[in-house]
Amino acid sequence: MPREQKKTQFIKGIGVTPQIIVGKAYLVDRGKIEAPAKVLPENQVRWEVERFRAAVEESKKQLREAKEKLLHEDAVGPAYILDAHLLLLEDKNLIETTVETIKQSWINSEWALKINLDRVRKIFNSIDDEYLRSRKTDLDYIEQRILRNLLGKGTESLSHIKEEVIIVAHDLSPADTAQMAKDKITAFVTDMGGKTSHTAIMARSLEIPAVVGSETGTHYINTGDTLIVDGVTGVVVVNPSPEIVQEYQDRVRSRQKIERELFQYRDLPAETLDGYRVNLLANIELVGEIPSVLEHGAEGIGLYRTEYLYLNRKDLPSEEEHFQAYRTVVEGITPCPAVIRTLDIGGDKFISHLDLAEEMNPAMGLRAIRFSLKERDIFKVQLRAMLRASAYGKVKMLLPMISGVSEIREVKKILNEVRLSLTAERVPYDPKIEIGIMMEVPSAATIADILAKEVDFFSIGTNDLIQYTLAIDRVNEYVTHLYEPLHPAILRLVKQMVKAAHNAGIKVAMCGEMAGEPLYVPILVGLELDELSMNVFSIFGVKKILRAYTLRECTELVDASLQLSTPEEIEGLVRDSLKRKFPEEFRENFSSKISGN
Ligand code: PEP
Ligand code: MG
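Reference entry: report on the structure contained in this document.

Each value, and the rule that gives it
- Residues numbered from 1 in each chain as written.
- Chains lettered and ligands numbered in written order.
- Predicted model: local features only at pLDDT ≥ 70, side-chain atom pairs only at ≥ 80, totals over all residues.
- Heavy atoms only, no water.
- Phe/Tyr/Trp six-rings, centres within 6.5 Å; stacked < 30°, edge-to-face > 60°.
- Helix = DSSP H or I, 4+ residues; strand = E, 2+ residues; numbered from the N terminus.
- Buried < 20%, exposed > 50% of the residue type's maximum accessible area, 1.4 Å probe, protein only.
- Pairing = 2+ DSSP bridges.
- Axes fitted to C-alpha atoms, helices over the stretch in contact; angles between N-to-C directions.
- Contact = heavy atoms within 4.5 Å.
- Expected span 1.5 Å × (residues − 1).
- Left-handed = near helix turned anticlockwise from the far one by under 90°.
- Nonpolar A, V, L, I, M, F, W, Y, C, P; charged D, E, K, R; others polar.
- Donors = N, O, S within 2.8 Å, 3.2 Å for Na, K, Ca; no water.
- Patch = residues over 30% accessible without salt bridge, like charges linked within 9 Å, V, L, I, M, F, W, Y side chains within 5 Å.
- Areas by Shrake-Rupley, 256 points an atom, 1.4 Å probe, with all protein chains shown as cover.
- Salt bridge = Lys/Arg side-chain N within 4 Å of Asp/Glu carboxyl O.

## Structural notes on the packing of aromatic side chains
Reasoning step 1: Within this structure, the stated rule accounts for 3 aromatic pairs.
Reasoning step 2: Considering the side-chain rings of phenylalanine 263 and phenylalanine 540, the 5.8 Å spacing of their centres and the 85 degrees angle between planes classify their relative orientation as edge-to-face. Highlighted residues: phenylalanine 263 in helix α10 (residues 242–263) and phenylalanine 540 in helix α21 (residues 539–546), separated in sequence by 277 residues.
Reasoning step 3: Taking relative accessible area as the criterion, phenylalanine 540 reaches 8% and is therefore assigned buried.

## Thoughts on the sheet that holds strand β12 (residues 395–399)
Reasoning step 1: If you trace the 8 strands once around the closed barrel, you get β9-β10-β11-β12-β13-β14-β15-β16, paired in parallel fashion. In this sheet, adjacent strand axes meet at a mean angle of 25 degrees when their direction is disregarded.
Reasoning step 2: Sheet topology note: the strand β13 (residues 434–439)/strand β14 (residues 457–460) ladder contains 4 bridges and is parallel. For methionine 438, the partnering residue across the bridge sits in β14 and is serine 459.
Reasoning step 3: Sitting on the sheet, α21 is in contact with β9 (279–284) and β16 (531–534), with an inclination near 160 degrees to β9.

## Some thoughts on the pairing of strand β3 (residues 20–27)
Reasoning step 1: Inspection of the sheet shows β3 paired to strand β7 (residues 226–230) by 5 bridges, in the antiparallel sense. Each residue of the ladder has a partner; that of lysine 24, found in β7, is threonine 226.
Reasoning step 2: In the sheet, β3 pairs with strand β4 (residues 165–169) via 3 bridges, with the strands oriented parallel. Bridging from a neighbouring strand, alanine 25 pairs with isoleucine 166 of β4.

## Examining helix α19 (residues 488–503)
Reasoning step 1: The end-to-end C-alpha distance of α19, which contains 16 residues, comes to 22 Å, matching closely the 22 Å that a straight helix rising 1.5 Å per residue would cover.
Reasoning step 2: All of the buried residues along α19 are Pro488, Ile490, Leu491, Leu493, Val494, Met497, Val498, Ala500 and Ala501.
Reasoning step 3: Following α19 by one or two positions, glycine 505 adopts a phi angle in the positive range, close to 80 degrees.

## Overview of the packing of helix α12 (residues 319–333) against helix α14 (residues 376–389)
Geometry of a packed helix pair, given as the angle between the helix axes and the separation of the axes.
Reasoning step 1: Direction vectors running N to C along α12 and α14 enclose 35 degrees, while the axes themselves pass 8 Å from each other. With respect to the hand of their crossing, α12 and α14 are arranged in right-handed fashion. Along its contact with α12, which presents Glu319, Glu320, His322, Phe323, Tyr326, Arg327 and Val330, the element α14 presents Val381, Gln382, Arg384, Ala385, Met386, Arg388 and Ala389.
Reasoning step 2: Looking at the contact of α12 with α14 residue by residue, the classes come out as 7 nonpolar, 2 polar and 5 charged.

## A word on unusual backbone geometry
Reasoning step 1: Residue proline 335 is reached from threonine 334 by a cis peptide bond, and omega for that bond is 10 degrees.
Reasoning step 2: Position of proline 335 relative to the elements: it lies in the loop between α12 and β11 (338–341).
Reasoning step 3: Positive phi values are uncommon outside glycine, yet methionine 401 reaches one of about 60 degrees.
Reasoning step 4: If you trace the backbone, methionine 401 turns up in the loop between β12 and α15 (405–424).
Reasoning step 5: For methionine 401, a relative accessible area of 1% gives the class buried.
Reasoning step 6: In this structure, alanine 471 takes a positive phi of about 55 degrees despite not being glycine.

## Observations concerning the coordination of the magnesium ion (ligand 2)
Reasoning step 1: In this structure, Glu440 (OE) and Asp464 (OD) serve as the protein donors to the magnesium ion (ligand 2), at separations of 2.0 to 2.2 Å. Residue glutamate 440 is located in the loop between β13 and α16 (442–446), and its partner aspartate 464 is located in helix α18 (residues 462–470); the two are separated by 24 residues in the primary sequence. Considered together, glutamate 440 and aspartate 464 belong to a single accessibility category, that of buried residues.

## Here's the deal with the sheet that holds β3
Reasoning step 1: Taken together, the 8 strands give an open sheet; going across it, the order is β1-β8-β7-β3-β4-β5-β6-β2, and neighbouring strands pair in mixed fashion. Pairing within the sheet leaves two strands with one partner each, and these edge strands are β1 (9–12) and β2 (14–15).
Reasoning step 2: Bridge analysis of β4 against strand β5 (residues 185–190) gives 5 bridges, and the strand direction is parallel. Bridged to alanine 169 within β5 is threonine 190.
Reasoning step 3: Set on the sheet, α10 makes contact with β1, β3, β7 and β8 (235–238); between it and β3 the angle comes to about 125 degrees.

## Some words on a nonpolar patch on the surface
Reasoning step 1: There is a patch of nonpolar side chains on the surface, built from Val39, Trp106, Trp111 and Ile115 and spanning about 370 Å² of accessible area.
Reasoning step 2: Mapped onto the elements, isoleucine 115 comes out in helix α4 (residues 109–125).
Reasoning step 3: For isoleucine 115, a relative accessible area of 38% translates into the label partly exposed.

The following block contains the structure:
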């Protein structure tokens, strides 16, 4: 569509922070710079190396300044991403190999850098984990930064922006975000990014409404265009008609009203009308999310994904780094518990110096606990740090991707060795630390009664449980329509796992995306889950629904659902029920189809 036509456009991306913003677009030039390729005369090679080194130094300087700014704003979480970029710029392997390429092949810096980054990208491409694969963008960021410095193209600063705007960019780097004056930039829209991309993480942790992964946003949007950014549905409306603006402004008002109303749930107990209590906890990825967790009245951390500690770096995190992160989380949330999950990577290839084999099917490969049991020294470092942190509050240890009993017994053996060494060193830890397992592999769900005798709690990971049970690749856009949390097979499995846990006298949580979707709350309560752990933004809404039902109503809904044959029929039943409970808000809150991915 040519830019001149100010026709209303609807662009669909991924809503990251659930707020709606109406404002003026500000298109930021983050156009991709292509590396020019040149062969050099021999006498220019020395100079070229110097040119390259100067561009790297300049890039480092810019990133350090951006980091300073972030730290100044107390955004501790996001600052670590800039550290990761700085580490890449200091990576001898990458920088010196590029210098070698320039020297040996007599080619320009841009070309040599591209050759070496392409080699690393190839490795990232083979990782079958959406989150880890998206970390490839770190390489793109530093490449673009070095290229801009090589070619003398400055990066347009966002700090000079004086009016309230919605930033629109092909992609935003963490350094860009660091420059954002939070009171001026009311939202952002990017072409790139997925639910777990850095841009999305940034938006969430800085609580800026955003739509990422719009694919074509920068093609249709111009500076000055009026935009509606709907972080709830992921829709961006470009140049909306006055009627549409009015409609959205009404929606903003009604959402603000809903949010104000929802805030009242902060300190109310998460219990049904007849007093059945379900604990609502938060999922976190970054230590910096703790203040938001507390603000949203979470009753603990139900899932701390520790993968972030390992990513974007050339070495492994030290025991001390693990410990400091865990201790901050544990002390921040105390007296509530923190469930810390051991490393769950979808393929270890990205840890470059480990040099492990590439896998055809990483989701079913050396992932999560399988990796930890193979790389025991790495595992032990993490276990030691978790145990040490357990002296500072209530830590619960969670093991990902358990498929049978022997993995649990193996872990316990290793844990005992770690305990013994800590005792010998007189290092304090909680000797009664609870050990739980992610229930996300169908074999585990099937033998839940056996597993329940071995551990202190279950946490159901529906993201993977659905993927493995329904054979739906959770990162494959062609099968997302088949990703059905209300599939009778999933409901049966969850019911079976809860029963097995309760028979054994242990608690069962759910920490997959399903746990934070309002539509599923009556079913999850009826299935008698003890805890639901979710993105902090979902907590109030889930609590509200929970408090509108009796346990009996929810149990009846589950019983009726289990008589039905298809996810659609079950969803229809649940929607009818919610419509009866919340006739006014039904359209606003429950009308969009909720998919687990
Ligand atoms: C899950 O699988 O549901 C889960 C919570 O873990 P992850 O999304 O990290 O795989
Ligand atoms: Mg999982």
